[in-house]
Amino acid sequence: MTSWSSASPAGDAAVSLTTQLHGGELAAWCAARLVGTAAAVAKVDAAARGHRPVRPVGQVDAHHWAEIGGAFGLRLAALVEPSPAYYSLYGLVRAGLVSRKWADEQAGESPTHAGLLAGQRQRSLELRPTPTGWRDLGEPVPTDVTSTPAEPVLADLFDRTRRYLAEHAPPGQLGTPAVEAALARVFWLVSAFEDVYRTAQAGPPLVELFGRSVPTVEAMRAAAPEPVVAELVELARQLHTSGSLTALRRLAGNPPAGQALGHAAPVFVHHWADGDVLLGDGRASTLLDVKTVIRTDNVERTARWLWQLLGYAWLDTADQWRIRTVGLYLARHGVLVTWPADELAAQLLGERGFGHRRRVAKARGEFLAVAERVLVAEGARLPA
């Protein structure tokens, strides 16, 4: 039976910006200072109205929503950039299913990392492409896992997935319904790997698959529930038929077929704040968070989404990601809601008129000061 490891790839990592915005010091700051949040929340709800959302078939539990959100987020990331599934690889390391060396080797096999030198590829998980060049996230925390019996079969799974994407659904393109169903099975599983990184716990699917022996690739690809697969295929269809895929390409500068639309999993503070996707041509970028909810009238929840988007943009202190626009993709509705980043900041702060840019800059300084204090308390720090 596999022994699940509790060791984190990040060591004693900070909690996360998401957690902070649910009730930490940063949540208190946002609630006190972002007094114009209600108007921005209303824009999101209004944009979703009149659009028929993709719904689950029958009754589902709370875990179902998270499964769909995680898997579809990874599908959209693969659509944007052929990069490693960074946090899924971290999750496999954290679970003790693979060594850190193996995870770096797998990351290095991705098209985004194929051009790295041999010495760099040994640290592939900590090297991320950005619009302004490679970002080095620092030295990885060593683990005591050297190699495991699961590594060959997992390597086969990841290799097959890379080749399948390249042939049937390259960047910027969706596949046929059959292709999307096959990808849904893989991304459902890869999302379960990522959950171990996010929660430090292996969920029932992984325990069932790896608890007694190493499964085959065929067993791993057959593990996803059929209703989940069908729902993920519908979300891909919604992306196409709603016109949102065309909009994503436009935000990316309409690159040639098969070329990346931007970057997946942009990092703002390592192991503390990472986004979903970044679309752009290298000069100006749109940061999007992907949401798979049906109801958009939950004011507190949507407020946290917007605070988080603003937080990501403000945390990019070196302008490494070139964020000029931010927004949400409401996947079940096929709706994009975007703002120029500066306009969202001013709206959330309730700032208008002469001098509002100076006041927004002052608020950003306050936010970063609180973030730095929180990070230091949690054993991390803002990027230099």
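Keep in mind that this is a model prediction, so the values were computed, not measured. (Residues numbered from 1 in each chain as written. Predicted model: local features only at pLDDT ≥ 70, side-chain atom pairs only at ≥ 80, totals over all residues. Heavy atoms only, no water.)

Caption draft 1: The arrangement of the packing of helix α2 (residues 25-33) against helix α16 (residues 356-377) in detail. Closest axis-to-axis distance for the α2/α16 pair is 9 Å, and the angle between their directions is 165°. When the axis of α2 is compared with that of α16, the two are roughly antiparallel. As for how α2 packs across α16, the hand of that crossing is right-handed. Across from E25, L26, W29 and R33 in α2, the residues of α16 making contact are A363, E366, F367, V370, A371, R373 and V374. Here the contact of α2 with α16 is composed, by residue class, of seven nonpolar, no polar and four charged. (Axes fitted to C-alpha atoms, helices over the stretch in contact; angles between N-to-C directions. Helix = DSSP H or I, 4+ residues; strand = E, 2+ residues; numbered from the N terminus. Parallel < 35°, antiparallel > 145°, perpendicular 65-115°, else oblique. Left-handed = near helix turned anticlockwise from the far one by under 90°. Contact = heavy atoms within 4.5 Å. Nonpolar A, V, L, I, M, F, W, Y, C, P; charged D, E, K, R; others polar.)

Caption draft 2: Representation of the nonpolar core. Core analysis: the biggest nonpolar cluster contains 70 residues, and L92, W102, L154, F193, F210 and M220 have the highest contact counts within it. Among the elements that line this core, the one with the most residues is helix α9 (residues 177-199), at 13 residues. Counting 50 residues, the second largest nonpolar core, distinct from the first, contains C30, A40, A371 and L375. (Core = buried A, V, L, I, M, F, W, Y, C linked by side-chain atoms within 4.5 Å. Buried < 20%, exposed > 50% of the residue type's maximum accessible area, 1.4 Å probe, protein only.)

Caption draft 3: Quick look at the side chain of E351. Mapped onto the elements of the fold, E351 is located in the loop between α15 (341-349) and α16. E351 gets classed as buried once you look at its relative accessible area, which sits at 18%. Among the polar contacts made by the side chain of E351, one reaches the side chain of R359 at a distance of 2.5 Å. The residues touching E351, leaving out its near neighbours within four places in the chain, are A346, H356 and R359. (Polar contact = N/O pair within 3.5 Å; in protein donor to acceptor, adjacent residues only side chain to side chain.)

Caption draft 4: Here's a closer look at the pattern of salt bridges. Applying the stated criterion across every chain, the model contains 25 salt bridges. For R123, the salt bridge is made with D136, and the minimal N-O distance between the two is 2.8 Å. A residue pair is termed long-range when its members are at least 10 positions apart, and R123 in the loop between α7 (118-121) and β1 (127-130) and D136 in strand β2 (residues 133-136) qualify at 13 residues. Note that R332 and E231 form a salt bridge whose closest N and O atoms lie 2.6 Å from each other. (Salt bridge = Lys/Arg side-chain N within 4 Å of Asp/Glu carboxyl O.)

Caption draft 5: Spotlight on the confidence of the model for the protein. Per-residue confidence for the protein averages 93 on the pLDDT scale, and 96% of its residues sit at or above 70. Of the regions scoring below 50 in pLDDT, residues 1-14 engages in 34 contacts with residues more than four places distant in sequence or in other chains. (pLDDT = per-residue confidence, 0-100.)

Caption draft 6: Broad picture of the sheet that holds strand β7 (residues 285-291). Within the open sheet, the five strands sit side by side as β3-β6-β7-β8-β9. Their pairing is mixed. Unpaired on one side and paired on the other, β3 (262-264) and β9 (335-340) mark the two borders of the sheet. Going from strand to strand, the sheet's axes swing by 20° on average, the running direction of each strand aside. As paired strands, β3 and strand β6 (residues 277-280) are joined by three bridges and run antiparallel to one another. Bridge pairing in β6 links H263 to L278. (Pairing = 2+ DSSP bridges.)

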